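As a plain string of letters, each chain reads:
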Amino acid sequence: MNIMDLYDDDDIDYMQQEDDWDRDMLLDPAWEKQQRKTFTAWCNSHLRKAGTQIENIEEDFRDGLKLMLLLEVISGERLAKPERGKMRVHKISNVNKALDFIASKGVKLISIGAEEIVDGNAKMTLGMIWTIILRFAIQDISVEETSAKEGLLLWCQRKTAPYKNVNIQNFHISWKDGLGFCALIHRHRPELIDYGKLRKDDPMTNLNTAFDVAEKYLDIPKMLDAEDIISTLRPDEKAIMTYVSCYYHAFSGKQKAETAANRICKVLAVNQENEQLMEDYEKLASDLLEWIRRTIPWLENRLPENTMQAMQQKLEDFRDYRRLHKPPKVQEKCQLEINFNTLQTKLRLSNRPAFMPSEGKMVSDINNAWGNLEGAEKGYEEWLLNEIRRLERLDHLAEKFRQKAAIHEAWTDGKEDMLQQRDYETASLSEIKALLKKHEAFESDLAAHQDRVEQIAAIAQELNELDYYDSPSVNARCQQICDQWDALGALTQKRSEALQRTEKLLETIDQLYLEFAKRAAPFNNWMEGAMEDLQDTFIVHTIEEIQGLSTAHEQFKATLPEADKERQAILGIHNEIAKIVQTYHVNMAGSNPYISINPQEVNAKWEKVRQLVPQRDQALIEEHARQQNNERLRRQFANQANVIGPWIQNKMEEIGRISIEMHGTLEDQLTHLRQYEKSIINYKPKIDQLEGDHQLIQEALIFDNKHTNYTMEHIRVGWEQLLTTIARTINEIENQILTRDAKGITQEQLNEFRASFNHFDRKRTGIMDAEDFKTCLISMGYNLGENEFSRIMSIVDPNRMGMVTFQAFLDFMSRETADTDTADQVMTSFKVLAGDKNYILADELRRELPPDQAEYCIARMAPYSGPDGVPGALDYMSFSTALYGESDL
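Chemist: So, helix α30 (residues 823–833): which residues are in play, and what are the values?
Modeler: Among all positions of α30, only A823, V826, S829, F830 and L833 are buried. All buried residues of α30 lie within an arc of 120° about the axis, which places them on one face of the element.

Written out as structure tokens, the structure is:
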């Protein structure tokens, strides 16, 4: 049976030991011997007060009488009347009464019965006595914020710290040389031991000196044998602890000065820690603001690039900023707010003035700068995407302009020379007729090209409006085409008038040539337009748009049979002309005088149209496949975003509910929130996966998504807010724990404060406005005038935001109900160290305080100027006042 089975973990944590008792294993014989002697001497030191003692520890306690007497002596209480009979049942009854009394002191004894004590079980008897020693001699030892074994060890370390060759780290081998015992005696009674004559290599002398002096002058019986300690590799820890605890109790009267020194150490430690936190905040705030200052000009740079490649590089640089550079700064900003809140909480808990950062480094200043950064970031991303769309549109329009301009220029090539010919002056009548008809056909062709010229001008205008980088050359080419077109119009009109004047002199020309020209010209124009349309580049962004183009293309293909019939009819006219020429031996000089196109060209262009149709089919199929892939990317992103977006919103709402509800202790809530934070952090891979899908969408130049209302920006902002909110909420709970522990607030009081706050938090936002807070105070019995309420608001709302957080409410209520260190208390503690003088000397500070804190006080204390001062006197009164912000330190 393990000795720790005797106790309940929730009742007495101070009894946790590394070397617990073991029912199934015998004690080390040397240890058992030391424990028998030590425990027997300890028991006798108390039993002597009742005029008795024991000789054999496992035998003399068997009837329970001396055990009950021992408990009455050390507790000062009366136990139940013992049984005086000699029978086993009477002994068991007495031992049970003793065990019940031990249990009534908060020690749960499990798996141990009176029978084992009555039977003289040595291990169990020693374990029971050790339990009594722990409960009545060691448990109540308290040094700073430690107790029991840790408190006793810390006391020994503090008392022996100034002594050379003494290093107390445990309750076994650290005491073998005996210097630790001698140092404790010399620290409190230096006249009893000449410590300078002791040698570390003479443990026997050291131990016997300490034991003899302690027994003779301190009334501490010899509980240990020097020979046993020296001869044992590792002395028994419990025997050492028992004996050392007697030293602690013997010197407990010396604790007043130590307590005063501890109070000062505590206050100085708080002051030093707060100063370091302030320096850390200033540096972190400066670094973060400097990074924001350097980053915003880069995000506000709107200098456009002329090429798509350059803009894509800018977009990639922006992605690197989002992915690599910004996330660490988000964490720094969150940590900065946490450090600020923690610092303010510690300052309030220690009655120090609130920390005011340097000008321009307030949390609100950082939030404003961060807001400016995110505004610039959002505008920069929108500008990048708009620029990419603009460049894409410009490239498409420029290519279209070049194609149409090239086709038009090819058509107009030689037209001016042709219109300026004066061939009609020497032509025969038939030739004049031919020239007239040819000119009519040209006018028809010219009118058909009017739309193309207007399209060229419209495209050039749009390129100018979109700020195309090569607009000058486009404008020059467009102007040249327009000027040439005007010249063609004027020349056409002039030649038409000349031909009309001579028309009366001409005979009717062969109508078949004319019919051929009239039908071939528009058909040729149709074929050129068809070739132009079939070779025209297109840009679409949705399945519907590509399906619209495919439908239009299918409709065009449906017209091809009729077009082929027209081609065959035109060729039939030409065949008819050839037949007439052959039949009637007509003298035809050259080709058809009405049109320059011949049947071979018609057939060639028709064949070109037939070749372009399947090429157009393939281009539409490929684009359709690309749009299907884009649609898959949209749905893939939307499916995740439609899950992640609501998930983030739900988590934000759940965190909000956790922060205002009261479920369990603050530690339970903190554990719950940290588990919650871990589950949120574990969700990060899904955010990263969504980022990957978003990058694929941007690389595919997809600019809209009808399947979701969530954008990647929404998800990023929500995720950053979620991480910040859970971190801030955890920090608030930690600050509440700090406040509760510092002020000694019970869980019931904390629940009552939370219930009052929630009752008057009518909007359930975790914040009360000023009117709700005033109503809450009135309901709690405060008699508030305007001045008093304004004073209270200046405490709970130092930034004058018109609202009160639960942390501020808790600080105020805890201040109203709990006591904390004050300047007067610290001043009183210094006066104890100074021996009731109005000043203190540097040597006194160095003797009573740790070195670093002693030097801290000496460096900051002003010289004492009172009439009763001596050289080197220091003014601890003004120093105590300055610690709490009541004057300059």
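Chemist: How would you summarise helix α3 (residues 65–75) if you had to cite specific residues and measurements?
Modeler: Here α3 has its buried residues at L67, M68, L70, L71, E72 and I74. Buried-residue contacts for α3 involve α1 (29–47), α4 (88–104) and α6 (122–138). Positive phi appears at G76, one or two residues downstream of α3, with a value of about 75°.

Chemist: Outline the packing of aromatic side chains, supporting the account with residue identities and numerical values.
Modeler: Enumeration according to the criterion identifies 27 aromatic pairs in this entry. Arranged with centres 6.4 Å apart and planes meeting at 5°, the rings of F171 and W175 form a pair that is stacked. The exposure classification of F171 matches that of W175, with both residues buried. Ring geometry for Y839 versus Y864: centroids 5.4 Å apart, planes at 40°, classification tilted. Taken together, the residues Y839 in the loop between α30 and α31 (842–848) and Y864 in the loop between β5 (862–863) and β6 (874–875) connect sequence positions 25 residues apart. Pair check on accessibility: Y839 and Y864 agree, each one buried. Feature note: the residues F171, W175, F181, F211, Y243, Y247 and F251 constitute an aromatic cluster, connected by ring pairs. If you follow R135 out to its NZ or CZ, it ends over the ring of F136, 5.2 Å from the centre. Directly above the ring of W411 sits K415, whose terminal nitrogen or CZ lies 4.8 Å from the centroid.

Chemist: Go over the nonpolar core, please, and point to the residues and values.
Modeler: Counting 78 residues, the largest nonpolar core has W42, I132, F181 and Y247 as the members making the most contacts within it. In contact with I132, not counting residues within four places along its chain, are W42, L67, L71, I74, I102 and A137. Counting residues in each nonpolar core, the second largest holds 48 residues, with I648, Y676, I715 and F773 among its members.

Chemist: Could you give an account of the pattern of salt bridges, naming the residues involved and the relevant values?
Modeler: Scanning the model with the defined rule gives 60 salt bridges in all. Among the salt bridges present, the one from K333 reaches E337, with a minimum N-O distance of 3.0 Å. Here the residue K333 and the residue E337 both occupy positions in helix α13 (residues 308–349), the gap between them amounting to 4 residues, near one helical turn. With a relative accessible area of 13%, K333 lands in the buried category. Classification of E337 by relative accessible area gives buried; the value is 11%. For R519, the salt bridge identified is with E566, shortest N-O distance 2.9 Å. In this pair, R519 sits in helix α19 (residues 511–535) while E566 sits in helix α21 (residues 560–584), placing the two residues 47 residues apart along the sequence. Assessed through its relative accessible area of 25%, E566 is described here as partly exposed. Several salt bridges converge on common partners, so that one network encompasses R322, K326, E374, E377, E691, E713, R716 and E720.

Chemist: So what's going on with the packing of helix α14 (residues 363–412) against helix α17 (residues 450–465)? Residues and values would help.
Modeler: Between two packed helices, what matters for the description is the angle formed by their axes and the separation of those axes. Running from N to C, α14 and α17 point in directions that differ by 150°, and their axes come no closer than 10 Å. Put simply, α14 runs roughly antiparallel to α17. Every pair of crossing elements has a handedness; the one defined by α14 and α17 is left-handed. In this structure, α14 uses R393, L394, L397, A398, K400, F401, K404, A405, I407 and H408 to contact α17, whose residues at the interface are R452, V453, Q455, I456, I459, A460, E462 and L463.

Conventions used here
- Residues numbered from 1 in each chain as written.
- Predicted model: local features only at pLDDT ≥ 70, side-chain atom pairs only at ≥ 80, totals over all residues.
- Heavy atoms only, no water.
- Buried < 20%, exposed > 50% of the residue type's maximum accessible area, 1.4 Å probe, protein only.
- Helix = DSSP H or I, 4+ residues; strand = E, 2+ residues; numbered from the N terminus.
- Arc of directions from axis to C-beta.
- Contact = heavy atoms within 4.5 Å.
- Phe/Tyr/Trp six-rings, centres within 6.5 Å; stacked < 30°, edge-to-face > 60°.
- Lys NZ or Arg CZ within 6 Å of the ring centre and 35° of its normal.
- Core = buried A, V, L, I, M, F, W, Y, C linked by side-chain atoms within 4.5 Å.
- Salt bridge = Lys/Arg side-chain N within 4 Å of Asp/Glu carboxyl O.
- Axes fitted to C-alpha atoms, helices over the stretch in contact; angles between N-to-C directions.
- Parallel < 35°, antiparallel > 145°, perpendicular 65-115°, else oblique.
- Left-handed = near helix turned anticlockwise from the far one by under 90°.

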